[in-house]
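Here is what each chain is made of, one letter per residue.
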Amino acid sequence: MAERISRQGIEGLSTSEAQKRLAQYGPNALEEENTSALLRLLAYFWGPIPWMIELAALLSAIVRHWADFSIIFGLLLFNALIGFWQEYKAANALKALKSRLALKARVLRDRRWGEIDAVELVPGDIVRLRLGDIVPADARLVEGDYLSVDQSALTGESLPVEKKTGDTVYSGSVVKQGEMVALVTVTGDDSYFGRTAKLVQDAGAPSHFQKAVLTIGDFLIYLSLALVAALILVQLFRGSPVLELVQFALILTVASIPVAMPAVLSVTMAVGALALSKNKAIVSRLQSIEEMAGIDILCSDKTGTLTQNRLTLGKAEIFAAADEQDLIVAAALASHAANRDAIDLAVIGAVREERALQGYQLKHFTPFDPVSKRTEAEVIGPDGKTVRVSKGAPQIIVKLAAVDETTAARAEGLIQEHAARGMRSLGVARTDESGRWQFLGILPMFDPPREDSAQTLQEAMAHGITVKMVTGDNLAIARETAVRLGLGKRIEPATTLLDSDGSQPADAAERIDAADGFAQVFPEHKYGIVKALQQRGHLVAMTGDGVNDAPALKQADVGIAVSGATDAARAAASLILTAPGLSVIIGAVEEARRIFERMNAYAIYRITETIRIMVFMVLSMVVFNSYPITAVMIILLALLNDIPIMAIAKDNTGLDPQPVRWQMHRVLTLATVLGVIGVLETFLLLAIVKIWIPLPLEQVQTIIFLKLSIAGHLTLFVARTRRPMLTQPYPAPLLIGAILATQLIAALIAGFGLLVVALPWSYIGWVWIYCLAWVVVEDAVKVAFYRHLERNTSRHRNFIRMLGDRLHFPYR
């Protein structure tokens, strides 16, 4: 194939041959798998929690409890629609990548130049590339002087790259200078751009939020099955009818399933997403809020994220120039703003007073080319005299001025010093009155850090987040930027850590974890770096703005597209910043940690209530052989307990200074302890009203219903903070109002006998006093539980530090 292309050379392809190759290689476009909206919606009805809810709805329909069925199915549908809508808005990464491909291409077909749709290009086509073009496919340059290409969105390199005959240009990059003819080598999915898109399609880390919900669901499923099995055995032994067992299985199922848990957690995250949007951060994937609360590593793209993606002049090195401004004005005269060249714009922008250039008249300008490696301008000065000025590669300018050995040695030393610090050097010369060239000096150039980057990075570290810089620039530039930002000097070339396809050598993950940053990084490397850190147990955030960042943005636990990012980066990211800089990230992390605390509190509350109701009902059935509450009461509890609890999304919470994650063993242990206390207090009350104060079964059921409703919401006050419940942060007024309104409704239901048998108001008051006394006990147990955990954690950290000191490795 390669020989055939080579033989055809500049002649190009015939139309018939192009059609054959189009059939062989396919169109020059990204393939996209489209999943119907219906299938995406149905996916939200699949999984342990949906299965439990659907089973409860099915049992309700079988025994014709249509009110129960409507409530359960409505909550299931509500949760599915929230998740589906968020996915619908966010699932457009491949579409955005595809939109970046060039639409048209100038191609040589049948020995004639013409314009075709870029999607019709095939390997072997001859295309012409010139200023402003988006390269339509990967191609090898075969004819022309030179090409300057901006491929920062693909590789992360901050400066345009010079290309010559034989070099490869990548699809999606932009031609900044020059004009050349190129031979198309790779198209579509096989191109550099296409491989990046494929990485985006394949990327994606499992949500820790989803894992947490599944863990809770599994725990409740196993507990429910065990209790149902035990109860069925007991009741069958007692000779209970099968239909009665089915009805009670329905009651127990409804009681055991946290029907509203996914909806409450989703609403909590949605409210948090709204708060973040007001702080210039748009959430495209709800689960990323929970992930953001736990990130401990931030992989930050350098160009345009940590730096300004704009060349700036450093400290000028004066030789024959009068002063720094004299040197810069001379360089500006040898520049041409209309060319929009990055170097020219940087030099012209450094002139302090615009009138310094107004007295000059341009007679002739010679643009930069890779042969002479300099620009030259002939200008008429304010005094009417003609002078020539030149700027370019400093070695070339030094040679042009024919300086002595001492001057040449000094210039060479400065050039090497700048190169070691990752800066480009620009030599400047001007002719004197005799027409001889005078070497005026050297201007170093670099891409400066953003003004807010250093402060933002310090704040990130104060929040327990380690920052690692990721860039496509060379090692010297990366190290200089890292030093300026205070990131550390341990910058590793990605090529020594990862293979070209992103795969890892045996010790790569450990070295990646220990590095402060990475240089010479390609998209496959970024993707591999994120995966390696995730394999080491880290939750990873990745910031970026270019097409080259998209795969890693999607693979990261939290992909953050910074302000001004490409469509591809924004589509792959789960958090999109609309304000420049990274400072908004810290605010987003703080808000995410508050949201996490709300979800954690709700999870503890919900599991506690499930255990309390399930175990109590089974225990009371085994001991007293009667239903402690009716099916209607269980539905009322579901409504009174869960629907108003959505107000927890607005609750006040503390702010953890360190990353937070789901620690399910702690959540389940504390919830079980509180649940067991709830079972004991409820069973004690049942014994009191059945034995010591014999009441009719119907009134007993109303008392237990009221007790479960009151105690449930009081438990939320216990679960919402690790400190005593009456200390700061105090509950939000909205949460207090929702709970008081709910309990007023519960009291009215019990007092007036709405759907239940009425109770005397004095009994309602005593039930409240009983619940308030027990909530003090629950709160004391909770505080003791967390103090015990903190002591154990402190001992563990001290042990690790001691071991680290002895083995000479740092504690992280």
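The structure under discussion appears in the preceding block.
Just so it is clear, the structure is predicted and the values come from calculations on it, not from any experiment. (Residues numbered from 1 in each chain as written. Predicted model: local features only at pLDDT ≥ 70, side-chain atom pairs only at ≥ 80, totals over all residues. Heavy atoms only, no water.)

Student: Teacher, can you tell me more about the overall build of the protein chain here?
Tutor: Tallying secondary structure elements over the protein chain gives 30 helices and 22 strands in all. When burial is assessed residue by residue, the protein chain has 54% of its 812 residues classed as buried. Of the contacts formed within the protein chain by residues at least 6 apart in sequence, a portion of 72% connects residues at least 24 apart. Here the protein chain displays about 35300 Å² of accessible surface, and carbon together with sulfur accounts for 58% of that area. (Helix = DSSP H or I, 4+ residues; strand = E, 2+ residues; numbered from the N terminus. Buried < 20%, exposed > 50% of the residue type's maximum accessible area, 1.4 Å probe, protein only. Contact = heavy atoms within 4.5 Å. Areas by Shrake-Rupley, 256 points an atom, 1.4 Å probe, with all protein chains shown as cover.)

Student: It is not clear to me how the packing of helix α27 (residues 664-692) against helix α28 (residues 697-719) should be interpreted in this structure. Could you clarify?
Tutor: Two numbers describe a pair of packed helices, the interaxial angle and the distance between the axes. Look at α27 against α28: their axes get within 10 Å of each other, and the N-to-C directions meet at 155°. Judged by the inter-axis angle, α27 sits roughly antiparallel to α28. In terms of crossing hand, the pair formed by α27 and α28 is right-handed. Packed against α27, whose contacting residues are Leu674, Gly678, Glu681, Thr682, Leu685, Leu686, Val689 and Lys690, the element α28 presents Leu697, Val700, Ile703, Ile704, Lys707, Leu708, Ala711 and Val718 at the interface. (Axes fitted to C-alpha atoms, helices over the stretch in contact; angles between N-to-C directions. Parallel < 35°, antiparallel > 145°, perpendicular 65-115°, else oblique. Left-handed = near helix turned anticlockwise from the far one by under 90°.)

Student: Is there a simple way to explain the sheet that holds strand β21 (residues 558-561) in this structure?
Tutor: Strand pairing in a sheet takes place through backbone hydrogen bonds and is either antiparallel or parallel in direction. The mixed open sheet is built from eight strands, whose spatial order is β8-β22-β21-β20-β9-β17-β19-β18. Strands with a single pairing partner mark the edges of an open sheet, and in this sheet they are β8 (281-283) and β18 (491-493). On average, each strand axis in the sheet is inclined to that of its neighbour by 20°, with strand direction left out of account. One ladder, built from two bridges, connects strand β17 (residues 466-470) with strand β19 (residues 517-519); its direction is parallel. Of the residues in β19, the one forming a bridge with Val470 is Phe518. Taken strand by strand, helix α19 (residues 475-485) contacts β17, β18 and β19, and its axis lies near 160° from that of β18. (Pairing = 2+ DSSP bridges.)

Student: I would appreciate a short explanation of helix α12 (residues 287-294) in the present structure.
Tutor: An α-helical turn contains 3.6 residues, so a residue and the one three or four places further along point in the same direction. Of all eight residues in α12, eight are buried, a share of seventy percent or more. Listing the buried residues of α12 in full gives Gln287, Ser288, Ile289, Glu290, Glu291, Met292, Ala293 and Gly294.

Student: Quick question: what am I supposed to make of helix α14 (residues 324-333) here?
Tutor: A large share of α14 lies buried, amounting to nine of its 10 residues. Within α14, the full set of buried residues consists of Gln325, Asp326, Leu327, Ile328, Val329, Ala330, Ala331, Ala332 and Leu333. Measuring from the backbone nitrogen of Gln325 back to the side-chain oxygen at the start of α14 gives 3.2 Å, which picks out Asp323 as the cap. (Polar contact = N/O pair within 3.5 Å; in protein donor to acceptor, adjacent residues only side chain to side chain.)

Student: Honestly, the packing of aromatic side chains in this entry has me stumped. Any pointers?
Tutor: Ring pairs (aromatic) are described by centroid distance and by the angle formed between their planes. Under the definition given, this model contains seven aromatic pairs. With a centroid separation of 5.6 Å and an interplanar angle of 80°, the aromatic rings of Phe752 and Trp761 are classed as edge-to-face. Residue classification places Trp761 among the partly exposed positions, given a relative accessible area of 45%. It is Arg484 that lies over the ring of Phe446; its NZ or CZ is 4.2 Å from the centre. Here the guanidinium or amino end of Lys690 rests over the ring plane of Phe624, the centre of that ring lying 5.4 Å away. (Phe/Tyr/Trp six-rings, centres within 6.5 Å; stacked < 30°, edge-to-face > 60°. Lys NZ or Arg CZ within 6 Å of the ring centre and 35° of its normal.)

Student: Help me understand the pairing of strand β14 (residues 386-392), please; the structure alone is not making it clear to me.
Tutor: Note on strand geometry: in a regular strand, side chains alternate between the two faces of the sheet. Of all seven residues making up β14, five are buried, and the element is well covered by its neighbours. Here seven bridges tie strand β13 (residues 374-380) to β14, and the two strands are oriented antiparallel to one another. Note that in β14 the partner of Ala377 across the bridge is Val389. Between β13 and β14, which follow one another and run antiparallel, lie five residues, and Gly384 among them has a positive phi close to 85°. As judged from the four bridges shared by β14 and strand β15 (residues 424-431), these two strands associate in the antiparallel manner. Considered in β15, the bridge of Ser390 is made with Ala429.

Student: Quick question: what am I supposed to make of the packing of helix α16 (residues 394-401) against helix α17 (residues 405-420) here?
Tutor: Contact geometry of α16 with α17 gives a least axis separation of 10 Å together with a crossing angle of 170°. Between α16 and α17, the angle falls in the class roughly antiparallel. Residues Pro394, Gln395 and Val398 of α16 form the contact with α17, whose participating residues are Ala408, Ala411, Glu412 and Ile415.

Student: Just to check I follow, could you spell out the pattern of salt bridges for this structure?
Tutor: If the charged atoms of two oppositely charged side chains come close together, the side chains can form a pair. One pass over the full model with this rule turns up 27 salt bridges. A salt bridge links Asp125 to Arg109; the nearest nitrogen and oxygen atoms lie 2.7 Å apart. One end of the pair, Asp125, is in the loop between β2 (112-117) and β3 (126-130); the other, Arg109, is in strand β1 (residues 104-109), and 16 residues separate them in sequence. Taking relative accessible area as the criterion, Asp125 reaches 0% and is therefore assigned buried. Measuring nitrogen to oxygen at the nearest pair gives 3.2 Å for the salt bridge that ties Glu480 to Arg421. Of this pair, Glu480 sits in helix α19 while Arg421 sits in the loop between α17 and β15, and the two are 59 residues apart along the sequence. The class of Arg421 is partly exposed, set by a relative accessible area of 32%. (Salt bridge = Lys/Arg side-chain N within 4 Å of Asp/Glu carboxyl O.)

Student: Looking at this structure, I do not really get unusual backbone geometry. What am I missing?
Tutor: Peptide bonds are, in most cases, trans, and in most cases residues other than glycine have a negative phi. Phi at Gln520 is positive, roughly 55°, even though this residue is not glycine. Inspection of the secondary structure puts Gln520 in the loop between β19 and α22 (523-535). Non-glycine residue Leu755 carries a positive phi angle of around 70°. Note on placement: Leu755 falls in the loop between α29 (733-752) and α30 (761-807).

Student: Explain the environment of Ala275 to me, please; I cannot follow it from the model alone.
Tutor: With respect to the element layout, Ala275 can be found in helix α11 (residues 261-278). By relative accessible area, which is 25% here, Ala275 ends up partly exposed. Once the C-alpha coordinates of Ala275 and Glu591 are considered, the two residues, 316 residues apart in sequence, prove to be 8.1 Å apart.

Student: Is there a simple way to explain a nonpolar patch on the surface in this structure?
Tutor: A cluster of nonpolar side chains, Val632, Leu744, Leu748, Phe752, Leu754, Leu755 and Trp761, forms an exposed patch at the surface whose accessible area comes to about 730 Å². Looking at which element gives the most residues to the nonpolar patch, the answer is α29, with three residues. Looking at the secondary structure, you find Trp761 in helix α30. (Patch = residues over 30% accessible without salt bridge, like charges linked within 9 Å, V, L, I, M, F, W, Y side chains within 5 Å.)

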